[in-house]
Amino acid sequence: MTDRPKISAVVHTYNSEKHLDKVLSALNRLDEILVLDMESTDRTVEIAQAHGARVIVKERGEHRIPEAYRDFADHAAANDWILVVDSDEIVPPGLLDYLFAELERDYESPRGYMVARKNYFMGKWMRSSYPDYTPRMFKKDGSYWPYAVHTFPTYEGPTVYVPKERTELALIHLANEDTGTLVRKMDTYSNYELERRGRSYSPWKFIYEPPFRFFKSYVLKGGFRDGMPGFIHSVQDAFYRFTLLSKLEEHRQAGEAAEKDIDRDASVVK
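Residues numbered from 1 in each chain as written. Predicted model: local features only at pLDDT ≥ 70, side-chain atom pairs only at ≥ 80, totals over all residues. Heavy atoms only, no water.

### Notes on the overall build of the protein chain
The helix and strand tally for the protein chain stands at eight helices and 11 strands. The buried share of the protein chain, taken over its 270 residues, is 45%. A separation threshold of at least 6 residues defines the contact pool for the protein chain, and within that pool the share at least 24 residues apart is 73%. When the accessible area of the protein chain is evaluated, it comes to approximately 14300 Å², of which 54% is carbon and sulfur surface. (Helix = DSSP H or I, 4+ residues; strand = E, 2+ residues; numbered from the N terminus. Buried < 20%, exposed > 50% of the residue type's maximum accessible area, 1.4 Å probe, protein only. Contact = heavy atoms within 4.5 Å. Areas by Shrake-Rupley, 256 points an atom, 1.4 Å probe, with all protein chains shown as cover.)

### Topic: the sheet that holds strand β3 (residues 54-57)
If you walk across this open sheet you meet the seven strands as β3-β2-β1-β4-β9-β6-β10, and the pairing is mixed. Edge strands, defined here as strands with exactly one partner in the open sheet, are β3 and β10 (159-161). Here the average twist between neighbouring strands, direction ignored, is 25 degrees. Sheet topology note: the strand β6 (residues 112-115)/β10 ladder contains three bridges and is parallel. Note that in β10 the partner of Tyr113 across the bridge is Val160. (Pairing = 2+ DSSP bridges. Axes fitted to C-alpha atoms, helices over the stretch in contact; angles between N-to-C directions.)

### Side note on the sheet that holds strand β8 (residues 124-125)
The strands that make up a sheet pair up through hydrogen bonds in the backbone, lying either parallel or antiparallel. Overall, mixed pairing links the four strands, which are arranged β5-β11-β7-β8 in an open sheet. In the strand order of this sheet, the two ends are held by β5 (89-90) and β8, each with one partner. The pairing of strand β7 (residues 117-121) with β8 spans two bridges and is classified as antiparallel. Its bridge partner being in β8, Phe121 is matched across the sheet by Lys124.

### A word on a nonpolar patch on the surface
Together, Phe212, Phe215, Val219 and Leu220 make up an exposed nonpolar region whose accessible area comes to about 380 Å². Locating Phe212 in the fold gives a position in helix α6 (residues 205-220). Residue classification places Phe212 among the partly exposed residues on the basis of a relative accessible area of 45%. (Patch = residues over 30% accessible without salt bridge, like charges linked within 9 Å, V, L, I, M, F, W, Y side chains within 5 Å. Salt bridge = Lys/Arg side-chain N within 4 Å of Asp/Glu carboxyl O.)

### Thoughts on the pairing of β3
Alignment of strand β2 (residues 32-37) against β3, held across four bridges, turns out to be parallel. Residue pairing across strands places Leu34 opposite Arg54, the latter belonging to β3. As a crossover connection, the stretch from β2 through helix α2 (residues 44-50) into β3 is right-handed. (Right-handed = clockwise from strand over helix to strand, strands pointing away.)

### A few points about helix α3 (residues 67-76)
For α3, the full list of buried residues reads Glu67, Tyr69, Arg70, Ala73 and Asp74. One side of α3 holds all its buried residues, which, seen down the axis, span an arc of 150 degrees. Next to the buried residues of α3 lie β1 (7-13), β2, β4 (81-86) and β9 (134-139). (Arc of directions from axis to C-beta.)

### Overview of the environment of Asn191
Examined against the element boundaries, Asn191 turns out to sit in helix α5 (residues 179-197). For Asn191 and Leu244, which are 53 residues apart along the polypeptide, the C-alpha to C-alpha distance reads 7.7 Å.

Geometry only, nothing functional implied.
Next comes the structure, spelled out in structure tokens:
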């Protein structure tokens, strides 16, 4: 056993064999790898066991999102500090060195670390979506992860941002998503966001929010540097906003007045 600070990596999986070998290989310097699997039917568990990971299998059932078991997995880990890694993310060696140094400097004080992430589209790193900060390491005691999609954990102590300027420390998101995948996620994630944020909004947002999202992604965040993939990704970012607003309006139109109109028209036909 080494003298360096002990960290448990927690990886959630479901049919994750595509990238899992690379993901777990990057974590072999840690004291524990805990894989919480949601009844995979591919080689996920076999690959995890080959890397010496401790595997816990939980029934998937109606739970379709990893957040269903994130809090359980975090508190099932053996060590005080938790490093959360998605099954399609590579943790670069420099990031581990950075985190080890942070804990050697101060192991006891509770805090959380936000880590930048590099996302790819059409094989190119999308600068427009960088740094895409995400919470990745925190002290287990006092932490809690809510059961809702795309939520962040709560934890005791301040939040520390790993410097985005040091791009060699950023997580590498291996999912090189195509247009079809992004469109499907657009529909799914907008439904989740609709549930989380409620139904109130201003129709004026149709006028300025989608165009601003494109401007922010393509101009302010440098999507133009990524060529045609950057342009397409920025348009899709704007369209995501338009999709969410459309669903909000759809729910507004489906209110009591709309129901009365349908009933009135139906009575005329009779």
